[in-house]
There are 2 protein chains.
Amino acid sequence: MSIETDIKQATFRNPYHRLLVNLMFTSNWVANAQMHLLKPYSLTLQQYNVLRILRGQYPNPVKVSDITERMLDKMSNASRLVDKLVLKKLVQRTECPSDRRAVDVVITSKGLDLLKKLDVVQADYEVDLNSKLSDEEATQLSQLLDRLRR
Amino acid sequence: MSIETDIKQATFRNPYHRLLVNLMFTSNWVANAQMHLLKPYSLTLQQYNVLRILRGQYPNPVKVSDITERMLDKMSNASRLVDKLVLKKLVQRTECPSDRRAVDVVITSKGLDLLKKLDVVQADYEVDLNSKLSDEEATQLSQLLDRLRR
DNA sequence: CGCAAATATATGTTATTACATTTGATGTAA
DNA sequence: TTACATCAAATGTAATAACATATATTTGCG
């Protein structure tokens, strides 16, 4: 279904207007689906993203400021997000030895195990996308998104 | 810059994984920019979207349930969003004569005036996109997003 | 060195979101 | 018509987000 049908709007002013609306709508649509996948594991999308960032650097620590930077999903909740993950014992927080202002965060083995389980769920979801867009189309879509942010 | 550089992640498992991350990232990026455009007018992005939905039907009323449906941005805040807009006198709420459970919402002339001012701001933003993607590319991107939601 | 500016994180506050429940109205089947 | 399911909106609530400010540390310039 086209975005026009999905949001029941007959026309847009121009292709850019349509694109902006479509982008937000689609992203919400995906975020929603992902949230529901994560729900049985009591993880929010943001917490999941933080865990994946940490796994990407494992076993090296990542600073809270690095997490903030990579999320774009805005300022200063990184500290509290890490809080939540510490409470769940999915990450560990230690003072950075070279800069006592900073905090080193590392994913725990419990966190890694959880991500492993979620990899399966996520892979299934991605396979599902495969039936809608080919590899090439997914790549092309990604490249167009990159250009939009230039 | 590619999404890899933007979020400092070397690789993704597959094109779909990259696409999902890129989609969220880009959408946050756009939402953020839009939020800052709206800030001087003390409107949130959601409130702005509701106003545009109402303008689309003007002078016909739109039910709260219709607003909810078109937002996908989830359940049940539509009622409170309308509340906020009523407080600002940007919309008017009247009981639907044919179904007393429902509520008819109509944008006021003050609301229409505000949207008119925002049209200019929004148009400027869209012109800016024009320098990054051609009309055809914007259309193509939109179509790929449509297919992703199939 | 001494001190102001910058940096990293944490915290306080308010608004917004997600989710569940409530209230009232309508549709429908016995 | 009554009883019951369904539906529309509003409301309660807990979690989360946005934004400003605070606290502690480091950096760098005179």
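Residues numbered from 1 in each chain as written. Chains lettered and ligands numbered in written order. Predicted model: local features only at pLDDT ≥ 70, side-chain atom pairs only at ≥ 80, totals over all residues.

K.L.:
Kindly report on helix α5 (residues 78-87) of chain A, identifying the contributing residues and their values.
P.N.:
Residues and elements named next belong to chain A. Listing the buried residues of α5 in full gives A78, L81, V82 and L85. Axial view of α5: buried residues confined to an arc of 100°, hence all on one face. Projecting away from the buried face of α5 at angles above 90 degrees are the exposed residues R80 and L87. Residues of α5 that are buried sit in contact with α3 (45-57), α4 (64-71), β2 (91-95) and β3 (103-107). Where α5 ends, the next residue or the one after it, K89, has phi of about 60°, a positive value. (Buried ≥ 20, exposed ≤ 12 C-beta atoms within 10 Å, placed from the backbone. Helix = DSSP H or I, 4+ residues; strand = E, 2+ residues; numbered from the N terminus. Arc of directions from axis to C-beta. Contact = placed C-beta atoms within 7 Å.)

K.L.:
Lay out the relation of the copies chain B and chain A with the relevant residues and their values.
P.N.:
Here chain B sits on chain A after a turn of 180° about the axis and a move of 0.0 Å along it, with an RMSD of 0.0 Å. The relationship between the two copies is best expressed as a two-fold rotation axis. Interface overlap between copies is the fraction of interface residues in one copy that are interface residues in the other; for chain B against chain A it reaches 100%, indicating a shared surface. (Least-squares fit on C-alpha atoms with pLDDT ≥ 70 in both.)

K.L.:
Which residues make up the pairing of strand β3 (residues 103-107) of chain B, and what values do they have?
P.N.:
Residue and element names in this part refer to chain B. Across 2 bridges, the pairing between strand β1 (residues 62-63) and β3 is antiparallel. Among the inter-strand pairings, V62 is bridged to a residue of β3, identified as V105. With 5 bridges connecting them, strand β2 (residues 91-95) and β3 associate as antiparallel partners. Paired with T94 across the two strands is D104, which belongs to β3. (Pairing = 2+ DSSP bridges.)

K.L.:
Give a detailed account of the domain arrangement of chain A, specifying residues and quantitative values.
P.N.:
Residues and elements named next belong to chain A. When its domains are assigned, chain A resolves into domain 1 (1-41) and domain 2 (42-148). Once you take the C-alpha centre of each, domain 1 and domain 2 turn out to be 23 Å apart. Taken together, the 6 residues of domain 1 in the interface contact 9 residues of domain 2. Partitioned by chemical class, the residues of the side of domain 1 that touches domain 2 number 5 nonpolar, 1 polar and no charged. (Domains from an automatic or database assignment. Nonpolar A, V, L, I, M, F, W, Y, C, P; charged D, E, K, R; others polar.)

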